Amino acid sequence: MTKGRHLEQRRGVWLGMGLVTGLLAGLTWLHRERARRSSPLLRRAEVQSGKSLTALVTGASSGIGQAYATKLAAMGYNPILVARRKDRLDSLASDLTDIYGVRVSVVPVDLATDAGIAAVEQAIASTDDLGILVNNAGFGMYGPFARGDINRHLDMIRLHVLAVVRLTRAALPGMLARRRGIVINVSSLIAFYPIYGSTTYTATKCYLRSFTEALHQELAGTGVRAQSLCPGFVRTEFQECADIQSLAIPDGLCMSAQDVVAGSLRDLAADRPISVPGPVYRFLATLSAVLPRPVIYLAGRVIARQRGK
Ligand SMILES: NC(=O)c1ccc[n+]([C@@H]2O[C@H](COP(=O)([O-])OP(=O)(O)OC[C@H]3O[C@@H](n4cnc5c(N)ncnc54)[C@H](OP(=O)(O)O)[C@@H]3O)[C@@H](O)[C@H]2O)c1
């Protein structure tokens, strides 16, 4: 083969690859534009004209859930607040009504119980304009599985997995019929890092990430979207409950719940199925795909030693 012919062939291959990449980029852009146009988040005019939608947020009594409820109320959504602590929900409801003039209802239930999940399914069934469902309620737990309280692990599976699956299933038929709606399932950066001491937590958050990413694909072109939010460290009551204050996380690495919610909403507008707010955490999520597993395991052991567990 002559040198000229060889060069010509290589140019052809590069041109072909360029065309395929351009085509794929174009198709992705078109797909995102279609999803964006049917997003209730962008229907500001509708919200301003008083035809506002409902947003159901679980775990709204503190932290990230409270930040979602507040942001969505500020955007004109009528929130339904779910968590166990009724006094907290009532106080937030009265603040949101006073400040934003929205209609707020509260459902004080334990989502780790069958009755609690059924009560929220019922609330969804009696809402004919559910625009957003945020499955955020959750708690952390750390320590060797073999010595842990099995009931806590089972509660975590019920809260992080069963409740989310049932509420998502309850919300989708109405959203699909209206051809609009958003489901946000709060996972965690740890879904990318299965480490020592957080067996059930990592596994449930991994479930949420995979479930939601697959759902996002199933919903393509329907006007309904799903996002899995995977935050890194966020300063909330979570650290106390999960007993991880001892980790001495530098302030620069901790995000505020408000910034995490802003990142999630930005990623929704860009139709990203997985949202990892914050550049450091986005880098860590990307890194997890190429990092050798032994390095991840070693990091887990170092953290465990630091915490004396
Ligand atoms: N903070 C972080 O660093 C971080 C990082 C990654 C992911 N996350 C995830 O973000 C989500 C929110 O956590 P957060 O940081 O905002 O923590 P948080 O301040 O402790 O809030 C947790 C919320 O979940 C509710 N909740 C807990 N158990 C519940 C149950 N059985 N039934 C109903 N509601 C329940 C709590 O309300 P009641 O106690 O009133 O029921 C509270 O409103 C969780 O899913 C967590 O896994 C947090």
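Everything that follows concerns the structure shown earlier in this document.
Residues numbered from 1 in each chain as written. Predicted model: local features only at pLDDT ≥ 70, side-chain atom pairs only at ≥ 80, totals over all residues. Heavy atoms only, no water.

The subject of this paragraph is the state of the cysteines. The full count for this structure, using the stated rule, is zero disulfides. Sulfur of Cys230: no disulfide; nearest cysteine sulfur belongs to Cys206 and is 9.2 Å away. Assessed through its relative accessible area of 0%, Cys230 is described here as buried. (Disulfide = S-S within 2.5 Å. Buried < 20%, exposed > 50% of the residue type's maximum accessible area, 1.4 Å probe, protein only.)

Here we come to the nonpolar core. Counting 72 residues, the largest nonpolar core has Tyr68 and Leu111 as the members making the most contacts within it. Here Leu111 is in contact with Thr58, Val82, Gly116, Ile117, Val120, Ala137, Arg158, Leu159, Ala163 and Leu167, once residues within four sequence places are set aside. (Core = buried A, V, L, I, M, F, W, Y, C linked by side-chain atoms within 4.5 Å. Contact = heavy atoms within 4.5 Å.)

With that settled, the discussion passes to the pairing of strand S6 (residues 224-229). In terms of burial, S6 is a largely internal element, six of the six residues being buried. Of the two faces of S6, both are covered, the one formed by Val224, Ala226 and Ser228 as well as the one formed by Arg225, Gln227 and Leu229. In the sheet, strand S5 (residues 181-186) pairs with S6 via six bridges, with the strands oriented parallel. Bridge pairing in S6 places Ile182 opposite Arg225. (Helix = DSSP H or I, 4+ residues; strand = E, 2+ residues; numbered from the N terminus. Pairing = 2+ DSSP bridges.)

On inspection of all chains with the given rule, the structure shows two aromatic pairs. Ring plane angle 50° and centroid distance 5.8 Å describe the contact between Tyr201 and Phe238, whose orientation is recorded as tilted. Linking Tyr201 in helix H7 (residues 199-218) with Phe238 in helix H8 (residues 238-242), this pair joins segments that are 37 residues apart in sequence. On the accessibility criterion, Tyr201 (11% relative accessible area) is buried. (Phe/Tyr/Trp six-rings, centres within 6.5 Å; stacked < 30°, edge-to-face > 60°.)

So, on to the site of the ligand. Around the ligand, the structure places 30 residues, and the nearest of them are Ser62, Arg84, Arg85, Tyr201 and Thr236. At a separation of 2.9 Å, an oxygen atom of the ligand approaches a polar side-chain atom of Lys205. Contact between the ligand and Thr236: an oxygen atom at 2.6 Å from a side-chain N or O atom of the residue. Relative to its free-state accessible area of 880 Å², the ligand is covered by the protein chains to the extent of 96%. Elements with a minimum of two residues in the shell around the ligand: helix H3 (63-74), H7 and H8. (Near = heavy atom within 4 Å. Polar contact = N/O pair within 3.5 Å; in protein donor to acceptor, adjacent residues only side chain to side chain. Areas by Shrake-Rupley, 256 points an atom, 1.4 Å probe, with all protein chains shown as cover.)

Now for the side chain of His160. Along the chain, the position of His160 falls in helix H6 (residues 150-178). Engagement of the side chain of His160 in a polar contact is seen with the backbone nitrogen of Phe139, the distance being 3.2 Å. Once residues within four sequence positions are removed from consideration, His160 is found in contact with Ala137, Gly138, Phe139, Tyr201, Thr204, Lys205 and Leu208.

Moving on to the packing of helix H5 (residues 114-125) against H6. It is the contact of H5 with H6, at a shortest axis distance of 9 Å, that shows an interaxial angle of 25°. Between H5 and H6, the crossing angle belongs to the class labelled roughly parallel. Crossing of H5 against H6: the hand is right-handed. Contacts between H5 and H6 pair Asp114, Ile117, Ala118, Val120, Glu121 and Ile124 from the former with Arg158, Leu162, Ala163, Arg166, Leu167, Ala170 and Ala171 from the latter. Tallied by class, residues from the contact of H5 with H6 come to nine nonpolar, no polar and four charged. (Axes fitted to C-alpha atoms, helices over the stretch in contact; angles between N-to-C directions. Parallel < 35°, antiparallel > 145°, perpendicular 65-115°, else oblique. Left-handed = near helix turned anticlockwise from the far one by under 90°. Nonpolar A, V, L, I, M, F, W, Y, C, P; charged D, E, K, R; others polar.)

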